[in-house]
Amino acid sequence: MIGYNTIVFVMILNTYRKPAELHVCNSDDIIYSEEGTTQGDTSAMAMYACGLMPLVDQLKDDGKDGPKQVYYADDAAAAGKLSDISQWWGKIKNSGPKFGYYPKPSKSWLIVKPQYYEKAKEIFQDVQITDVGHRYLGSYIGSESGLSDFIKEECASWNDDIDGLCRIAKSEPQLAYAAFLYGTSKRWNYVARTTPNISDLLRPLEYKIKEEFIPAIVGKQYIPDKLRDIFGLPARMGGLGISNIQETAELEYTNSIQVTASLTEALYLQDHSYEVDDRAHNEIMKDVMKRKEAHYNRAKIKVADQCSDQQKRQLLLASEKGASSWLTSLPLKEYGFLLNKQEFHDALALRYNLTLTDLNRPKSCECGVVNTINHCLTCKLGGYVALRHDAIKDTTASSLTKTRGL
C-alpha cells in the first residue's frame, strides 16, 4: 500500500491502529468499530482504492479481451463473456483474501440474458443468477420488467419517507421542507441520473408530492396545477425548488451521461492511468448548467403565460435577488433562521399571495378595514409597519453588539 500512496497509508494507519470509539447519545456506553471502515469516514474511499489496486493489477488480463472490471469501494463487478467472467471470479476468490478482500458468493449476483441463463447455471454454482436484472450501486441493470418492479419498490419506499415528512410538517413545516429539499429528494434524483427511461414510472411519486407533501408544508388542503408548476421552479426563479421529477428525469440522465462520458470511456478501455481533464470537465459543467437554466427558463415562461397580471408581479418579486434567502437557508435556530408553523405558512402566503390562515389572526383591522395582506403591511394603526422597522433596528443593534471590541 505504501507504494501507491504513502500519505494516505500513514493517515489510515493512524486512524485504524485501534478500533474507533462510537459514542451513543444520552448514554455512557461505547461501541467499538472493529470491522471494516467507520461509517462516514471520508478517507474510506481512498483506503479501498489503495488497498484494492494491487488486486486489480493482478486480475488484469494482460492485454487480452477479457472482462471489464469496475470497482467502487468494496463492490467489485465485471462484464463480459461467461467464460471470461468465470475465470475472473475464480481468480478473485483465490487471490482476494491475500489482499484482505473476501468475496461473498451468497451476496454476489450474475445478470445474464435469458438465452444464457441455463449455461450460466452450469458454470456458476455458488452465486445468485438472474435473467431479469438486479440492483447495482443504487440503480438497476436488467430488463424493462425488472426495472419497472425496481422503480415501484423505490417509489413505495420514497412515499413512506414523504409520509414521515408530512407528519413532521404538521408541527414544523420548515424542517420538513428543508429535509425534503436537501435530503430525501436526493434519493430519486440519483436514480434519475443513473437510470434511463423512468419518467412514466415516477408518476406515483409526483402524485404523492403534489397531493400530500406540498399541501402539508404550505398549510392548504389542495394545490392547483398552476401553483404546482410555480413551486417546481428553483427558488431564485420564484419557486420552492420542488421540481417535478417526471419532467426532469430524462434531463438529469442526459446531463449525467455527458458529465461522466470520459470516466465511462476510461472504464470501458480499462485505463488505469485515467486523470480528469479539469478544463474539459469545467466546460462540460458549463454546458450542463446552461441546459438546466434553459429548461427552467422555458418552464417559467410557460407558467407566466398562464398567470394573471397580479400573479406575474408576485412571481417577479419572488425572483428578485435575495428574496429567497430565507427560504433556502438551513433552519438553524442559533442564527434565527428557524420559523415556527404559523411564521412559515404566513411567509409562503406572502410570497405567493395566498390566503392567510385564520389562526390567531383578527379578521378586521383596528381601523375597521378587512384584514387583507396588503392592508396589514401598510396600515400604520395595525402596527406592522412599526414592527418591520423595529426588526431591522433590533437586528442591527444585535450585530453591533457582537462586533463590539473588534
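Here is a short report on the structure shown in this document.

The rules we used
- Residues numbered from 1 in each chain as written.
- Predicted model: local features only at pLDDT ≥ 70, side-chain atom pairs only at ≥ 80, totals over all residues.
- Heavy atoms only, no water.
- Helix = DSSP H or I, 4+ residues; strand = E, 2+ residues; numbered from the N terminus.
- Buried < 20%, exposed > 50% of the residue type's maximum accessible area, 1.4 Å probe, protein only.
- Contact = heavy atoms within 4.5 Å.
- Areas by Shrake-Rupley, 256 points an atom, 1.4 Å probe, with all protein chains shown as cover.
- Lys, Arg positive; Asp, Glu negative; His and termini not counted.
- Charge placed at Lys NZ, Arg CZ, Asp CG, Glu CD.
- Core = buried A, V, L, I, M, F, W, Y, C linked by side-chain atoms within 4.5 Å.
- Salt bridge = Lys/Arg side-chain N within 4 Å of Asp/Glu carboxyl O.
- Polar contact = N/O pair within 3.5 Å; in protein donor to acceptor, adjacent residues only side chain to side chain.
- Axes fitted to C-alpha atoms, helices over the stretch in contact; angles between N-to-C directions.
- Parallel < 35°, antiparallel > 145°, perpendicular 65-115°, else oblique.

## Concerning the overall build of the protein
For the protein, the count of helices and strands is 16 helices and eight strands. A total of 406 residues make up the protein; the buried ones form 32% of that total. Residue pairs in contact within the protein that sit at least 24 positions apart in sequence constitute 55% of those at least 6 positions apart. Accessible area of the protein: about 25600 Å², with a carbon and sulfur share of 54%. One way to put it: in the protein the 49 positive side-chain charges average out to a point 5 Å from where the 52 negative ones average out.

## Topic: the nonpolar core
Core analysis: the biggest nonpolar cluster contains 49 residues, and Leu202, Leu205, Phe213, Ile217 and Ile242 have the highest contact counts within it. Listed by contribution, the elements that provide at least two residues to this core are α5 (144-169), α6 (173-194), α7 (203-218), α8 (225-231), α9 (245-259), α11 (278-305) and α14 (341-352). Top element by residues in this core is α5. It accounts for nine residues. Among the nonpolar cores identified, the runner-up in size contains 15 residues, and Leu52, Leu55, Val127 and Ile129 belong to it.

## A look at the pattern of salt bridges
With the rule as written, the count across this model stands at 13 salt bridges. Two residues, glutamate 212 and lysine 208, come together in a salt bridge whose shortest N-O distance is 3.1 Å. Separated by four residues within a single helix, glutamate 212 and lysine 208 lie in helix α7, roughly one turn from each other. You can call lysine 208 buried: its relative accessible area is 12%. Of the charged contacts, one joins aspartate 390 and lysine 393 as a salt bridge, the two residues approaching to 3.8 Å between their closest N and O atoms. Of this pair, aspartate 390 and lysine 393 are both found in helix α16 (residues 384-402), three residues apart, which corresponds to roughly one turn of the helix. Taken together, the shared-partner salt bridges connect Asp163, Lys208 and Glu212 into one network.

## Concerning the side chain of threonine 195
Examined against the element boundaries, threonine 195 turns out to sit in the loop between α6 and α7. Polar contacts involving the side chain of threonine 195 include one to the side chain of serine 139, which spans 2.6 Å. In contact with threonine 195, other than residues within four places in its own chain, are Ser139, Tyr140, Leu147 and Tyr253.

## A short note on the packing of α5 against α6
Close contact between α5 and α6 brings their axes to 9 Å; oriented N to C, the two are set at 170°. If you check the angle between α5 and α6, you find them roughly antiparallel. Across the interface between the two elements, Phe150, Ile151, Ser157, Trp158, Asp161, Ile162, Leu165, Ile168 and Ala169 from α5 touch Pro173, Ala176, Ala179, Phe180, Thr184, Arg187, Trp188 and Val191 from α6.

## Here's the deal with unusual backbone geometry
Not every positive phi belongs to a glycine, and alanine 73 is a case in point at roughly 55°. The topology assignment puts alanine 73 in the loop between β3 (68-72) and β4 (75-79). Here the phi dihedral of glutamine 270 falls at roughly 55°; this positive angle occurs in a residue that is not glycine. By secondary structure assignment, the location of glutamine 270 is in the loop between α10 (261-269) and α11. Since its relative accessible area comes to 22%, glutamine 270 is described here as partly exposed.

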